[in-house]
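Here are the chains, one letter per residue:
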Amino acid sequence: TSARARAMLRGAIAMAAPNVRTSFQAGRGANPPLVVLVHGLESFSGTWDAVRARCASPDGPHRDAAPAILALDLRGHGLTPLGDEDDFSPATLAADVVACARAHMTPGAGRDTFTIVGHSMGSRVALRAAADFPESVDHVVVEDMDCSIRAAPKFDHDALRRCVLTAPTREQVIANLAAAMPDVMTRERCEGYAARGRIIDTSGSSADAAPEWTSLVNPLGYALAYERVLAVDDAALAVKQIERFAAMRRPAPTVHLWRAPYEEKTTCARKDGLGGVEWILKRDGSSEWFVRDCVFEGAEHSVHNTRTEAFTDAMVALVVDGTDAPARL
């Protein structure tokens, strides 16, 4: 059937070795499980550094048992090239994630599934991965995001394609970004990128190396992610697809919403409307499958960076012990 052919094609894509920049951290304990961390819009794998550090700390609470962690840069983000614009879609990004995860799993170790934690836009990629590869994903954590369609700004794609991400000075990189997308990437916003390590020194290590600075935020990658991941209903369709798997008694990954409170002004987890949190939580009664919901008190949109200890501990409990987070943390 055409559906089976599409599934086989997705599987072939996920077996390919994508040109995706990854960072792997070994776990602790006997045969540790794998968790894959997927960043959001305007971000890269470094956003997870504090989570990884807590798991790796020799004096921390997870010194005896911690999951293996794989953080990656999605296409057009961080140090991963954009590739073919026509290939940029939730399904392709999801297949990249699964291919990277499979490449870091130990054959014959008795584990053939992993958990995906996605922040903001990255959670929509995570949901698509779970829907397309349900036999590989056991849990999906949706960090501070819903499934509602976002209205995308109008982008000048030609200007974005001309944007040079590398320059001899950080100031020139900031100027390039601001010129390419003046309505979104204001100078103040771009200076924030630099302050948060998203414009980095990529000069060579030799004494005579020419100075070079590189933006880890790609304006064209930003635009495509907004238009093709956030401004579509794919995440909502993925949730319904996973629920149908459960009704058919097929592998159905568990979905967890980990979010900031509704009253937090930076939250991207909208409560109401089609695709909102309440819509996600509402089930059709066809199975006992349901979505878990956890509110992190005092957290902002980046829950993992504003409630790092609680977020990391909940992640380890879920991945290592199979313990769901409570309704409030």
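In the block above lies the structure referred to throughout.
Here is what the cut-offs are and how they apply
- Residues numbered from 1 in each chain as written.
- Predicted model: local features only at pLDDT ≥ 70, side-chain atom pairs only at ≥ 80, totals over all residues.
- Heavy atoms only, no water.
- Axes fitted to C-alpha atoms, helices over the stretch in contact; angles between N-to-C directions.
- Helix = DSSP H or I, 4+ residues; strand = E, 2+ residues; numbered from the N terminus.
- Left-handed = near helix turned anticlockwise from the far one by under 90°.
- Contact = heavy atoms within 4.5 Å.
- Nonpolar A, V, L, I, M, F, W, Y, C, P; charged D, E, K, R; others polar.
- Salt bridge = Lys/Arg side-chain N within 4 Å of Asp/Glu carboxyl O.
- Buried < 20%, exposed > 50% of the residue type's maximum accessible area, 1.4 Å probe, protein only.
- Core = buried A, V, L, I, M, F, W, Y, C linked by side-chain atoms within 4.5 Å.
- Pairing = 2+ DSSP bridges.

Visitor: Could you clarify how one ought to interpret the packing of helix H2 (residues 49-56) against helix H12 (residues 308-321) in this entry?
Guide: Packed helix pairs are specified by the crossing angle of their axes together with the interaxial distance, meaning the distance between the axes. Following both chains from N to C, one finds H2 and H12 inclined at 65°, their axes separated by 10 Å at the closest point. Considering the relative orientation of H2 and H12, their crossing is right-handed. Two secondary-structure elements touch here, H2 through Ala50, Val51, Arg54 and Cys55 and H12 through Thr308, Glu309, Phe311, Thr312, Asp313, Met315 and Val316. Of the residues that constitute the contact of H2 with H12, the class distribution is 6 nonpolar, 2 polar and 3 charged.

Visitor: Honestly, the pattern of salt bridges in this entry has me stumped. Any pointers?
Guide: Opposite charge on two side chains allows them to pair when their charged atoms are near. Evaluated as defined, the whole model comprises 19 salt bridges. In this structure, the salt-bridge partner of Arg75 is Asp96, at a minimum N-O distance of 2.5 Å. Taken together, the residues span a long stretch of sequence, with Arg75 in the loop between strand E3 (68-72) and helix H3 (90-103) and Asp96 in helix H3 at a distance of 21 residues. With relative accessibility at 17%, the residue Arg75 sits in the buried group. Two residues, Arg124 and Asp146, come together in a salt bridge whose shortest N-O distance is 3.2 Å. Of this pair, Arg124 sits in helix H4 (residues 121-132) while Asp146 is found in the loop between strand E5 (137-143) and helix H5 (157-162), placing the two residues 22 residues apart along the sequence. For Arg124, a relative accessible area of 2% corresponds to the buried category. Here the salt bridges share partners, and the residues they tie into one network are Arg54, Glu309 and Asp313.

Visitor: Can you help me understand the nonpolar core in this one?
Guide: Counting residues in each nonpolar core, the largest one holds 71 residues, and the members touching the most others are Val36, Phe114, Leu127 and Met185. In terms of residue count, the dominant contributor to this core is helix H8 (residues 219-230) (8 residues). Leave out the neighbours within four places in its chain, and Phe114 touches Leu34, Val36, Val98, Ala101, Met105, Ser136, Val137, Asp138 and His139. Within the second largest apolar cluster, 24 residues are counted, among which are Trp48, Ala66, Val303 and Met315.

Visitor: Got a minute to help me understand the sheet that holds strand E6 (residues 166-167) in this structure?
Guide: Strand pairing in a sheet relies on backbone hydrogen bonds, with the paired strands running either antiparallel or parallel. Pairing is antiparallel across the open sheet formed by 3 strands, whose spatial order is E6-E8-E7. Edge positions in the open sheet fall to E6 and strand E7 (199-201), since each of these has one partner strand only. The pairing of E7 with strand E8 (residues 213-215) spans 3 bridges and is antiparallel. Paired with Asp201 across the two strands is Trp213, which belongs to E8.

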